[in-house]
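Given next are the chains, with one letter for each unit.
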Amino acid sequence: GEDVEQSLFLSVREGDSSVINCTYTDSSSTYLYWYKQEPGAGLQLLTYIFSNMDMKQDQRLTVLLNKKDKHLSLRIADTQTGDSAIYFCADPGYSSASKIIFGSGTRLSIRP
Amino acid sequence: SQTIHQWPATLVQPVGSPLSLECTVEGTSNPNLYWYRQAAGRGLQLLFYSVGIGQISSEVPQNLSASRPQDRQFILSSKKLLLSDSGFYLCAWSGSLTGGNQPQHFGDGTRLSIL
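These lines cover the structure that appears in this document, whether it is placed above or below. (Residues numbered from 1 in each chain as written. Chains lettered and ligands numbered in written order. Predicted model: local features only at pLDDT ≥ 70, side-chain atom pairs only at ≥ 80, totals over all residues. Heavy atoms only, no water.)

1. Focus on unusual backbone geometry
Backbone torsion omega between W7 of chain B and P8 of chain B reads 0 degrees, so that peptide bond is classified as cis. Looking at the element boundaries, P8 of chain B is found in the loop between β1 (3-7) and β2 (10-13). A positive phi angle, close to 55 degrees, is found at Q59 of chain A, a residue other than glycine. Considering the arrangement of structural elements, one finds Q59 of chain A in the loop between β6 (55-58) and β7 (61-66). A relative accessible area of 74% means that Q59 of chain A is categorised as exposed. (Helix = DSSP H or I, 4+ residues; strand = E, 2+ residues; numbered from the N terminus. Buried < 20%, exposed > 50% of the residue type's maximum accessible area, 1.4 Å probe, protein only.)

2. Digging into the layout of surface pockets
All names here are of chain A. Taken as a whole, the second largest pocket encloses approximately 160 Å³ of empty space. Taken together, 14 residues form the lining of the second largest pocket, with E38, P39, G40, I86 and R107 sitting closest to its centre. Contributions of two or more residues to the lining of the second largest pocket are made by β9 (85-91) and β11 (106-111). Counted by class, the lining of the second largest pocket contains six nonpolar, five polar and three charged residues. (1 Å grid on protein atoms, 1.4 Å probe; cavity = no way out; pocket = protein on both sides within 12 Å on 5 of 7 lines; lining within 4 Å. Points joined across faces, edges and corners; volume = space filled by probe spheres on them. Nonpolar A, V, L, I, M, F, W, Y, C, P; charged D, E, K, R; others polar.)

3. Concerning the pattern of salt bridges
In total, this model carries six salt bridges over all chains according to the counting rule given. With a closest N to O distance of 2.9 Å, D83 of chain A and R60 of chain A form a salt bridge. You can see D83 of chain A sitting in the loop between β8 (71-76) and β9 and its partner R60 of chain A sitting in the loop between β6 and β7, a full 23 residues away along the chain. The buried category is assigned to D83 of chain A, whose relative accessible area is 7%. According to the relative accessible area criterion, R60 of chain A is partly exposed, its value standing at 32%. Among the salt bridges present, the one from E59 of chain B reaches K99 of chain A, with a minimum N-O distance of 3.3 Å. Of the two residues, E59 of chain B sits in the loop between β6 (55-58) and β7 (64-70) while K99 of chain A sits in the loop between β9 and β10 (101-102), which places them in two different chains. A residue is classified by how much of its surface remains accessible, and K99 of chain A, at 25% relative accessible area, is partly exposed. (Salt bridge = Lys/Arg side-chain N within 4 Å of Asp/Glu carboxyl O.)

4. With respect to the packing of aromatic side chains
As enumerated under the stated definition, the model contains 13 aromatic pairs over all chains in all. Relative to F50 of chain A, the ring of Y48 of chain A has its centre 6.2 Å away and its plane inclined at 75 degrees; by these criteria the two rings are edge-to-face. On the basis of relative accessible area, F50 of chain A is assigned to the partly exposed category, the value being 32%. Between W35 of chain B and F74 of chain B, the aromatic rings sit 6.1 Å apart at their centres with planes inclined by 25 degrees, giving stacked as the arrangement. A residue pair is termed long-range when its members are at least 10 positions apart, and W35 of chain B in strand β4 (residues 32-38) and F74 of chain B in strand β8 (residues 73-78) qualify at 39 residues. (Phe/Tyr/Trp six-rings, centres within 6.5 Å; stacked < 30°, edge-to-face > 60°.)

5. Here's the deal with the sheet that holds β1 of chain B
Residue and element names in this part refer to chain B. The antiparallel open sheet is built from four strands, whose spatial order is β1-β3-β8-β7. Of all the strands in the sheet, the pair left with one neighbour each is β1 and β7. Here the average twist between neighbouring strands, direction ignored, is 20 degrees. When strand β3 (residues 19-26) meets β8, the two strands line up antiparallel, connected through six bridges. Within β8, the residue paired with L19 across the bridge is S78. (Pairing = 2+ DSSP bridges. Axes fitted to C-alpha atoms, helices over the stretch in contact; angles between N-to-C directions.)

6. Comments concerning the nonpolar core
With 20 residues, the main nonpolar core has W35, L76 and Y89 of chain B as its most contacted residues. Secondary structure elements with two or more residues in this core: β3, β4, β5 (44-52), β7, β8, β9 (87-94) and β11 (110-114) of chain B. With four residues, the single largest contributor to this core is β3 of chain B. In this structure, Y89 of chain B is in contact with Q6, L21, W35, Y36, R37, L47, L64, L76, G109, T110 and L112 of chain B, ignoring residues within four places of it in sequence. V4, W34, L61 and A85 of chain A belong to the second-largest nonpolar core, a separate cluster that totals 19 residues. (Core = buried A, V, L, I, M, F, W, Y, C linked by side-chain atoms within 4.5 Å. Contact = heavy atoms within 4.5 Å.)

Right under this line is the structure:
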C-alpha cells in the first residue's frame, strides 16, 4: 500500500541548516507537500513541489525531489528557534477525495 | 479567503460520556472535509472524510461517528467515550476537484482528555 516514511527526530544548532528527509511509494502525485505543526496547533501547509520539478526554493526553504528514488527533502537554511516544530511530508497520490498520506512527522529541535 | 474553525479548543470528559466536536469552513463551497486523530503529538490517523452533504466514509472502525448536516459543517460524535479516545482531533478541508492533489488545510484542533 501507499506509505510515507520519515525519521522521527532531528536536532540542529541554531544558525545551521536542517535537512528533513522523506521517502514515499505512490509516484502518481502531481504535487508533494510539506506541513509544519507547532506545539498545540494544527498543521500548516509550509510548501509544495510539482512532481515535474527537481527543486523549489522559497526564502530559507529548499525542497528537493528525486522521483527516481522517490525521495523528498526539506532544507531549512539558518535554522532559528521559531523553526522548532514537527514537519510532515505528505503524498496525495491519486484520490478523488483528496486523501493524503502523511508521514509520521520529524520533530525538529534547535540547540543554542 | 477560506477559514476553518474548530471548537472547543480543549475538552475534558469522563469515560462513558457523549462527545460532539464541530468544525465549520468559510469562504468555499462543496469542500471535502476530514477528521483526524493525533496521539501524543505524533502521526495523523484519518478517521472520517466526506465529499458532500450526508456522505461519510469511515477509515477506522471505532465508537466514533461523523455527520455532515450542511455543506460546510462537519461533526464528530460519540455516544460513549472510552479512555482510548483521548487525543488531539484535527479537522481539515480541501478543494473538491477530482483527481486528488488538493492540499488539505487544517483547523487548530481540539485536545480531548478522557478521565
